[in-house]
Amino acid sequence: MTAAAGLDLPADLSAARRAREFVRSRICPDHGGDVLERALLAVSELIVNAVEHGRPPVHAHVACRCGVLRLEVSDGSPEAPRHNVADSAAESGRGVALVAAVSSDWGVRASGRGKTVWCELTA
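Reading the values: the criteria
Residues numbered from 1 in each chain as written. Predicted model: local features only at pLDDT ≥ 70, side-chain atom pairs only at ≥ 80, totals over all residues. Heavy atoms only, no water. Helix = DSSP H or I, 4+ residues; strand = E, 2+ residues; numbered from the N terminus. Contact = heavy atoms within 4.5 Å. Areas by Shrake-Rupley, 256 points an atom, 1.4 Å probe, with all protein chains shown as cover. Phe/Tyr/Trp six-rings, centres within 6.5 Å; stacked < 30°, edge-to-face > 60°. Lys NZ or Arg CZ within 6 Å of the ring centre and 35° of its normal. Buried < 20%, exposed > 50% of the residue type's maximum accessible area, 1.4 Å probe, protein only. Salt bridge = Lys/Arg side-chain N within 4 Å of Asp/Glu carboxyl O. Core = buried A, V, L, I, M, F, W, Y, C linked by side-chain atoms within 4.5 Å. Expected span 1.5 Å × (residues − 1). Arc of directions from axis to C-beta.

1. What about the overall build of the protein chain?
- Helix and strand content of the protein chain: three helices and five strands.
- Sequence separation of at least 24 residues holds for 59% of the intrachain contacts in the protein chain that already meet a minimum separation of 6.
- Of the roughly 6,700 Å² that the protein chain leaves accessible, carbon and sulfur atoms contribute 51%.

Written out as structure tokens, the structure is:
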């Protein structure tokens, strides 16, 4: 089990790299290997969506508890992400589908200051 931690991020594409470094530094030993790789993909997609389709402020949060790694990304837009079915030639539009594919559960929580998109990954 690792204590929960959060990180404020810039509203630009450098945020994805910083979020991956943050997750890598905070992940507990039980969540190595496959879970770490899936977590890095998921947090990258969540951050890119927040930067490209949301509004500042952008914030990442990670918590490990009882075999479950929970990632959360908040931004200042109340608009929920869309689960698109991207054309095979499309260069974008797969972020939510990727998060859904690599996680055991995911969702969106609205707040008065925007939204939080979360996902959980199990070992």
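2. Things to note about the packing of aromatic side chains
- Taken as a whole and assessed by the stated rule, the structure comprises zero aromatic pairs.
- Above the face of the Trp-118 ring, Arg-70 is positioned so that its terminal group lies 4.3 Å from the ring centre.

3. Brief notes about the environment of His-31
- Among the secondary structure elements, His-31 is positioned in the loop between α1 (14-26) and α2 (33-53).
- The class for His-31 is buried, based on a relative accessible area of 1%.
- Between the alpha carbons of His-31 and Leu-69 there is a distance of 7.3 Å; along the sequence they are 38 residues apart.
- Setting aside residues up to four positions removed in sequence, His-31 forms contacts with Leu-36, Cys-64, Gly-67, Val-68, Leu-69, Leu-121 and Ala-123.

4. Observations concerning unusual backbone geometry
- Across the junction of Pro-56 and Pro-57, the peptide omega takes the value 0°, indicating a cis bond.
- Structurally, Pro-57 can be placed in the loop between α2 and β2 (58-65).

5. Let's talk about the pattern of salt bridges
- Enumeration according to the criterion identifies five salt bridges in this entry.
- Note that Glu-21 and Arg-17 form a salt bridge whose closest N and O atoms lie 3.3 Å from each other. Separated by four residues within a single helix, Glu-21 and Arg-17 lie in helix α1, roughly one turn from each other.
- The residue Glu-72 makes a salt bridge to Arg-70 at a minimum N-O spacing of 2.8 Å.
- Here the salt bridges do not stand alone but share partners, grouping Arg-70, Glu-72, Arg-109 and Glu-120 into one network.

6. Regarding the nonpolar core
- One finds Ile-47, Leu-69 and Leu-71 to be the most contacted residues of the largest nonpolar core, which totals 31 residues.
- Mapped by element, the contributors of at least two residues to this core are β1 (2-9), α1, α2, β2, β3 (68-75), α3 (95-102) and β5 (114-122).

7. Concerning α1
- Compared with an ideal rise of 1.5 Å per residue, which puts 13 residues at 18 Å, α1 spans 19 Å between its outermost C-alpha atoms and is within 8% of the ideal.
- Of the positions making up α1, those classed as buried are Ala-15, Ala-16, Ala-19, Phe-22 and Val-23. Across the axial projection of α1, the buried residues extend over an arc of 125°, all falling on one side.
- Contacts made by the buried residues of α1 are with β1, α2, β2 and β3.

Nothing here speaks to function; it is all geometry.
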